[in-house]
Amino acid sequence: MAVSAQFYDGQTARMQVVNVTENGTSISFSGPETSYTNWTIKGLHAIDPAVDGQPYRLTHEDKPGARLIIRDQAFISALISKSSHLRGGYSARDIGHIIGWTVGGLAAVLVTGYLTMTLLPEKAAHMLPNAWKARVGKQMETAMVEGAKLCRSPKGDEALAAMIGNLAEGTPDLPPISVHIYDMNVLNAFAVSGGNIILTRELIDKADGPDELAGVLAHEIGHVAHLDPEAQLVRLTGLQVLTSVFTGSNGGDMTTNLAFLATVLKFTREAEAKADAYARETMIKARINPLALKTFFEKILKLEGDKKSGNAALTGLGGLFSTHPGTENRIKEIQPLPAGVVARPSLTDEQWKALKDICKG
Ligand SMILES: [Zn+2]
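What comes next is a walk through the structure.

Rules behind the numbers
Residues numbered from 1 in each chain as written. Predicted model: local features only at pLDDT ≥ 70, side-chain atom pairs only at ≥ 80, totals over all residues. Heavy atoms only, no water. Helix = DSSP H or I, 4+ residues; strand = E, 2+ residues; numbered from the N terminus. Buried < 20%, exposed > 50% of the residue type's maximum accessible area, 1.4 Å probe, protein only. Contact = heavy atoms within 4.5 Å. Phe/Tyr/Trp six-rings, centres within 6.5 Å; stacked < 30°, edge-to-face > 60°. Pairing = 2+ DSSP bridges. Core = buried A, V, L, I, M, F, W, Y, C linked by side-chain atoms within 4.5 Å. Donors = N, O, S within 2.8 Å, 3.2 Å for Na, K, Ca; no water. Salt bridge = Lys/Arg side-chain N within 4 Å of Asp/Glu carboxyl O. Axes fitted to C-alpha atoms, helices over the stretch in contact; angles between N-to-C directions. Polar contact = N/O pair within 3.5 Å; in protein donor to acceptor, adjacent residues only side chain to side chain. Parallel < 35°, antiparallel > 145°, perpendicular 65-115°, else oblique. Left-handed = near helix turned anticlockwise from the far one by under 90°. Nonpolar A, V, L, I, M, F, W, Y, C, P; charged D, E, K, R; others polar.

## What about the overall build of the protein?
Argument step 1. Assigned secondary structure in the protein consists of 15 helices and 11 strands.
Argument step 2. Burial status across the protein gives 54% buried among its 361 residues.
Argument step 3. Relative to all contacts within the protein whose residues are 6 or more apart in sequence, the contacts with residues 24 or more apart total 66%.

Next comes the structure, spelled out in structure tokens:
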């Protein structure tokens with residue numbers, strides 16, 4: 001069975017239409033602009049969890065920047081039934097799939113060392129091995145959530161995956177992310193190393209409608225796409241990051257120290273502006289109303305005013321709302337959808353309810 005799909009080669013932004021077939025242990029595809037390509041099923045990676053009716057995005061270990069987007073439900077189901085790792089989703093998969101130290105990894109470590117000494121943290125961040133980023137991200141996450149419950153429910157997980165899928169419409173190179181919701185009484189959102197994004201229950205409680213949450217999520221995805229947490233780690237620790245990468249150990253005790261984490265997650269104002277721009281662009285391409293991010297930011301400003309008179313909802317670690325002054329300017333930058341573009345909701349009412357209730361599950 002051959003089905004039509006979209007392919008992005010990871011080098012150019014051009015969408016290529018291809019025909020995909022599955023041949024037992026691999027899939028192959030080609031098209032008018034695409035030469036015959038064969039990807040082993042073993043090396044495939046589902047970028048988001050598979051959700052009925054949502055486009056399904058695949059990449060391959062040999063070509064991590066490339067994206068194959070399939071919409072044929074029968075094909076997707078058949079593929080997933082072959083190999084359960086293609087179901088996609090939570091980080092157990094990501095961690096489980098991390099390939100250990102390879103010759104390539106070691107070379108990357110040496111290059112990283114060179115770059116950290118001589119180049120910008122932003123550049124060095126790109127050279128950190130994925131396994132290290134994921135491991136350190138996991139440590140940061142564990143330290144930050146301080147034993148809070150990870151909220152999951154079948155319907156809530158599905159809604160979250162649908163929101164990510166909707167945001168990815170129009171942005172095929174959305175980076176791989178793992179979004180985790182914790183039952184925390186603090187209004188915040190964080191992107192830590194390795195594509196892990198943490199949202200709190202309080203944040204979801206305070207959001208009026210899914211688009212506000214989608215806006216915050218898109219902002220955090222911006223930090224992931226720009227490797228802001230990784231750059232900040234390199235900036236603040238330099239040699240220690242290198243040493244721990246080199247010895248294969250963790251990021252040192254620092255990544256479990258909350259005071260240090262608060263500093264790591266206090267991104268530069270430039271990084272915040274870029275994450276806002278990313279959120280705006282992603283939402284416009286997905287036809288999700290960007291003004292939702294604006295209303296949410298305004299709400300945060302107001303809550304911050306209350307905080308001065310004793311509202312504790314904003315206490316906690318750096319994160320989304322730590323970069324002041326400047327929030328007013330950030331709000332001003334957010335523009336509505338272009339004229340003539342009709343917004344669509346980032347979730348159905350039913351999905352939004354399931355997501356709101358995810359911590360009750
Ligand atoms: Zn931010």
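## Things to note about the packing of aromatic side chains
Argument step 1. Enumeration according to the criterion identifies 3 aromatic pairs in this entry.
Argument step 2. For the ring pair Phe-29 and Trp-39, a centre distance of 5.1 Å and an interplane angle of 85 degrees mean the geometry is edge-to-face. Of this pair, Phe-29 sits in strand β3 (residues 26-31) while Trp-39 sits in strand β4 (residues 34-40), and the two are 10 residues apart along the sequence.
Argument step 3. Taking the relative accessible area as the measure of exposure, Phe-29 reaches 1% and is therefore buried.

## Let's talk about the sheet that holds strand β11 (residues 196-200)
Argument step 1. Read across the open sheet, the 4 strands follow the order β8-β9-β11-β10; overall the sheet is mixed. Each end of this open sheet is capped by a strand with a single partner; those strands are β8 (150-151) and β10 (189-192).
Argument step 2. As judged from the 5 bridges shared by strand β9 (residues 178-182) and β11, these two strands associate in the parallel manner. Counted as the bridge partner of Ser-178 is Asn-196 from β11.

## Some remarks on the nonpolar core
Argument step 1. Judged by nonpolar contacts, the single largest core of 44 residues is most densely connected at Ile-181, Ile-197, Leu-199, Leu-213, Leu-217 and Leu-355.
Argument step 2. Among the nonpolar cores identified, the runner-up in size contains 22 residues, and Val-136, Phe-260, Phe-267 and Ala-271 belong to it.

## Description of the pairing of strand β7 (residues 63-70)
Argument step 1. Where strand β1 (residues 2-8) and β7 come together, 4 bridges link them in antiparallel fashion. If you follow Gln-6 over to β7, its bridge partner there is Ile-69.
Argument step 2. Alignment of strand β6 (residues 56-60) against β7, held across 4 bridges, turns out to be antiparallel. Bridge pairing in β7 links Tyr-56 to Ile-70.
Argument step 3. What sits between the antiparallel neighbours β6 and β7 is a turn of 2 residues.

## Concerning the coordination of the zinc ion
Argument step 1. For the zinc ion, every protein donor is listed as His-219 (NE2), His-223 (NE2) and Glu-272 (OE), and the spread of their distances is 2.0 to 2.1 Å.
Argument step 2. Ordering the donors of the zinc ion by residue number gives the pattern H-x3-H-x48-E. Pair noted here: His-223 is in helix α8 (residues 210-225) and Glu-272 is in helix α12 (residues 269-286), with a separation of 49 residues, a long-range link.

## Description of the pattern of salt bridges
Argument step 1. The tally for this structure, following the rule as stated, stands at 14 salt bridges.
Argument step 2. One salt bridge in this structure joins Lys-138 and Glu-141, with 4.0 Å as the shortest N-O distance. Highlighted residues: Lys-138 and Glu-141, both in helix α5 (residues 130-145), separated by 3 residues, approximately one helical turn.
Argument step 3. Taking relative accessible area as the criterion, Glu-141 reaches 1% and is therefore assigned buried.
Argument step 4. With a shortest N-O distance of 2.8 Å, Glu-202 and Lys-206 are connected by a salt bridge.

## Observations regarding the pairing of β10
Argument step 1. Because side chains alternate across β10, one face comprises the buried residues Ala-189 and Ala-191, and the other comprises Phe-190 and Val-192, equally buried.
Argument step 2. Of the strand pairs in this sheet, β10 and β11 are connected by 4 bridges, and their pairing is antiparallel. Residue Ala-191 lies in a different strand from β11, and its bridge partner there is Ile-197.
Argument step 3. Between the end of β10 and the start of β11, which pair antiparallel, lie 3 residues, with Gly-194 showing a positive phi angle near 85 degrees.

## Section: the environment of Thr-40
Argument step 1. With respect to the helices and strands, the residue Thr-40 is situated in strand β4.
Argument step 2. Taking the C-alpha atoms as reference points, Thr-40 and Glu-61, 21 residues apart in sequence, are found 9.3 Å from one another.

## Some details on the sheet that holds β1
Argument step 1. One open sheet holds the 7 strands; their spatial order is β4-β3-β2-β1-β7-β6-β5, and the pairing between them is antiparallel. Strand pairing shows two members of the sheet lacking a second neighbour, β4 and β5 (44-46), which therefore form its edges. Going from strand to strand, the sheet's axes swing by 30 degrees on average, the running direction of each strand aside.
Argument step 2. Contacts from helix α1 (residues 73-82) reach β1, β2 (16-22), β3, β5, β6 and β7, with the element oriented near 50 degrees to β2.

## Here's the deal with the side chain of Thr-200
Argument step 1. Checked against the element boundaries, Thr-200 lands in strand β11.
Argument step 2. At a separation of 2.5 Å, a polar atom in the side chain of Thr-200 contacts the main-chain carbonyl oxygen of Val-186.
Argument step 3. Thr-200 has contacts with Tyr-182, Met-184, Val-186, Leu-187 and Asn-188, leaving out every residue within four places of it along the chain.

## Points about the packing of helix α6 (residues 154-168) against α8
Argument step 1. Interaxial distance between α6 and α8 falls to 11 Å at its minimum, and their mutual angle equals 70 degrees. Considering their axes alone, α6 and α8 lie roughly perpendicular with respect to each other. Crossing geometry of α6 relative to α8 is assigned as right-handed. Facing α6, whose interface residues are Met-163, Ile-164 and Leu-167, α8 presents Pro-210, Leu-213, Ala-214, Leu-217, Ala-218 and Ile-221.
Argument step 2. Taken together, the residues of the contact of α6 with α8 sort by class into 9 nonpolar, no polar and no charged.

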